[in-house]
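Listed below are the residues making up each chain.
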Amino acid sequence: MTTAANGNGHAHAAPDAGAADPAPKKPWSDNEEDPNSLRAIIRANFPTSIDDAFPFLKVARTMTRDDLKNDLVAGLTVAVMVIPQGMAYAALASLRPEIGLYSCILPILTYALVGSSRQLAVGPVAMVALLTTAGLSPIVDPNEDPDRYQQLASTLAFMVGVMQAGMGLLRLEFIARFLPHPVLSGFTSAAAIVIGSSQIKDVFKIKIGRSERFQEIMDDFVHNVHDTHGLTFAVAATSIVFLLGARHAKRRFKAIKMLPEALVLVVFYILVSKYAEFDDKGVRVIGKVPAGFPSPRGILTSELGQLVGPALTISIVGFLESFAVAKTIAEKEQYPISARRELIGLGAANLAGCFFKCMPVTGGVSRSAGN
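A quick note: this is a predicted structure, and the numbers were derived from the prediction, not measured. Throughout this description, residue numbers start from 1 for each chain and increase along the sequence as written. Given that this is a predicted model, residues contribute local features only at a pLDDT of at least 70 and side-chain atom pairs are listed and counted only at 80 or more, while totals for whole chains, interfaces and linings are drawn from all residues. Here the side-chain values reflect all heavy atoms present in the structure, with hydrogen atoms and water set aside.

**Observations concerning the packing of helix 12 (residues 230-252) against helix 13 (residues 261-276)**
- Under this scheme, a helix contributes an axis fitted over its contacting stretch, all axes are lines through C-alpha atoms, and angles between N-to-C directions fall in the 0 to 180 degree range. Only DSSP runs of H or I with at least four residues qualify as helices, and only runs of E with at least two residues qualify as strands; both kinds are numbered from the N terminus onward. In the contact formed by helix 12 and helix 13, the axes pass within 10 Å of each other and the chain directions differ by 150 degrees. Classed by the angle they form, the pair helix 12 and helix 13 counts as roughly antiparallel. Considering how the two elements wind past one another, helix 12 and helix 13 form a crossing that is right-handed. Of the residues in helix 13, those touching helix 12 at Val235, Thr238, Ser239, Phe242, Leu243, Ala246 and Lys250 are Glu261, Ala262, Val264, Leu265 and Tyr269. Here roughly perpendicular refers to angles of 65 to 115 degrees, roughly parallel to angles under 35, roughly antiparallel to angles over 145, and oblique to all remaining angles. The crossing is said to be left-handed when, going from far helix to near helix, the turn is anticlockwise and less than a right angle, and right-handed when the turn is clockwise. Note on contacts: a residue pair is in contact if any heavy atoms of the two residues lie within 4.5 Å.

Pasting the structure below:
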C-alpha cells in the first residue's frame, strides 16, 4: 500500500497494484445454510409433521357426517364411471382392458395419501393413453408381442413417476409455466383429432394401418370403407347417439343428472351381446377379463433409455392437465393447493402402479368433476 496526497494536501492510502479484489458477498451469512445445497433441499422437503406428510389426515379430522355421506355418493359415482372409461383408455393405449381397470385402483389410493387435491381422480386419461401408444408402438408392436408391450407401459409409468416426483422434490414445478398455453391448446386439439381418427377402424371394423398422421389414416379409411361390417357399425353408431343424447338430456332434466350413461350403455350391450351372440356374428367382444388383482412384477430396466422422451412428455403434459383441473376445483371449493405436492402425488401414484401392470396415469377431468 502506498501513500499519496490529494488536492487538499491530505494524504490518503492508495491500493497496491497487486492487491486481490474483495470476494463477492454471499446472499446468505456464514452461519446460514446455502439454500441450494443438497442438505437444504432434503430438509425443505422433509415433512415437519404427520399432517404435512399425509394431507388427508387434516381433512379427515374436520369431516362431518354430511361430508362423509357426500363423499360416499361421489365415490360410488366415480367408481361407476371408471369401469367403462378405464377399459376404453386401455384400448386407446393398445393395452388389454384389465390394464385400464388395474390403473384405476392402486394409483388413486396412493395419490389420496400424499396429494393436496381433495377431489382429483387419478387414473387413465385419453391424452396420456395416446402419448403412451405413440411412444411405445415404434419400439414393439402391441399386436405381435402384447405381454412385452404391457411391460413397457409399466416401465414407462415408472419413469414418469420418477420424473414427476423428482421435479416435485427439487421444487421444479415452475418449469411447467414456461410451456405457452397456445402450444398446449394446439397439442390438445391435435390429440383429440388423432384420438378420434384412430378409433375409425373399430367403428367400421376395417383395416387401417397404424399411423399418427391424420391424412394417412383417412387415406386408408377411404380405400377400405367398402369393407365396413354392418352390425359393428350399428352398435358403434347407436352408442354414440345414446351418449350424446344422454349428455343433452342431463343438462335439461336435473332428475337424471347423476345417471351414469356410460355404464348403462355398457351393461345394455353386455346383455345384448350375450343373448344375441355377437361373437358369432362377427362383432369383436372383449371376452373374459382376469379376476383379482395382479401380483407384483418388475420393470424392463434395459429399455429405460428408449423411454426418456415419452416419459418426459407425459410427465409435463400430464401434470399440466392434472394441475389445471385440481386448481380449478380447489378455487371453487376454497382450499389451498400445492403444485409441488401435486407433482409428488402424481409421481407416487405412477410409482405405486408400475409394479402392478398399471399404465401411466394422471388426473382426469370428468371423474374429478364427479367428485
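Let's pick the thread back up.
**Overview of the packing of aromatic side chains**
- Between rings of Phe, Tyr and Trp, where Trp is taken as its six-membered ring, a pair exists when centres lie within 6.5 Å; planes separated by under 30 degrees are stacked, by over 60 edge-to-face, and by other angles tilted. Applying the stated criterion across every chain, the model contains eight aromatic pairs.
- Consider the rings of Tyr102 and Phe293, whose centres lie 5.8 Å apart with planes at 70 degrees: the pair is edge-to-face. In this pair, Tyr102 is assigned in helix 5 (residues 97-102) and Phe293 in the loop between helix 13 and helix 14 (308-333), connecting sequence segments 191 residues apart.
- The class of Tyr102 is buried, set by a relative accessible area of 8%.
- Arranged with centres 5.0 Å apart and planes meeting at 25 degrees, the rings of Phe204 and Phe233 form a pair that is stacked. Highlighted residues: Phe204 in helix 10 (residues 200-204) and Phe233 in helix 12, separated in sequence by 29 residues.
- Buried means the residue's accessible area, taken with a 1.4 Å probe over protein chains only, is under 20% of the maximum for its type, while exposed means over 50%, and partly exposed covers the values in between. You can call Phe233 partly exposed: its relative accessible area is 34%.

**Observations concerning the state of the cysteines**
- By disulfide we mean two sulfur atoms from cysteines, separated by a distance within 2.5 Å. Summed over the entire model, instances satisfying the criterion amount to zero disulfides.
- Left unpaired, Cys358 is separated from the closest cysteine sulfur, that of Cys354, by 8.4 Å.
- The buried category is assigned to Cys358, whose relative accessible area is 1%.

**Concerning the environment of Gly86**
- By secondary structure assignment, the location of Gly86 is in helix 4 (residues 65-92).
- For Gly86, a relative accessible area of 2% corresponds to the buried category.
- As a C-alpha pair, Gly86 and Pro124 span 38 residues in sequence and 6.2 Å in three-dimensional space.
- Beyond its immediate stretch of four places on either side in the chain, Gly86 contacts Gly100 and Cys104.

**Some details on the nonpolar core**
- Here, nonpolar core refers to any group of buried Ala, Val, Leu, Ile, Met, Phe, Trp, Tyr and Cys residues whose side-chain atoms link them within 4.5 Å. Residues Leu95, Leu136, Leu152, Leu156, Leu307, Ile314 and Met359 are the most contacted members of the largest nonpolar core, which totals 30 residues.
- With sequence-adjacent residues up to four places away left out, Ile314 is seen in contact with Val128, Leu131, Thr132, Leu156, Val160, Gln164, Phe319 and Pro360.
- Val122, Met167, Tyr335 and Leu343 belong to the second largest nonpolar core, which has 15 residues in total.

**Some words on empty space enclosed by the protein**
- Here a cavity denotes grid points, spaced 1 Å and computed from the protein atoms alone, that fit a 1.4 Å probe unable to get out, and a pocket denotes an open set having protein on both sides within 12 Å along at least 5 of 7 lines; residues with an atom within 4 Å of a point are the lining. Grid points are joined across faces, edges and corners, and a volume is the space filled by probe spheres set on the points. By the definition in use, this model includes two cavities of 30 Å³ or more.
- Within this model, the second largest cavity holds a volume of roughly 30 Å³.
- Residue contributions to the lining of the second largest cavity peak at three residues, all from helix 8 (residues 146-169).
- A breakdown of the residues in the lining of the second largest cavity according to their chemical character gives two nonpolar, four polar and two charged. Here the term charged refers only to Asp, Glu, Lys and Arg, the term nonpolar to Ala, Val, Leu, Ile, Met, Phe, Trp, Tyr, Cys and Pro, and the term polar to all other amino acids, Gly among them.

**A few points about the pattern of salt bridges**
- We define a salt bridge as a side-chain nitrogen of Lys or Arg found within 4 Å of a carboxyl oxygen belonging to Asp or Glu. Going through the model one piece at a time under the given rule, you end up with five salt bridges.
- When the shortest N-O distance is used, the salt bridge between Lys201 and Asp202 registers 4.0 Å.
- On the accessibility criterion, Asp202 (38% relative accessible area) is partly exposed.
- The partner of Lys250 in a salt bridge is Glu261, with the nearest N and O atoms 2.8 Å apart. One end of the pair, Lys250, is in helix 12; the other, Glu261, is in helix 13, with eleven residues separating them in the sequence.
- Accessibility expressed as a relative area gives 16% for Glu261, which makes it buried.

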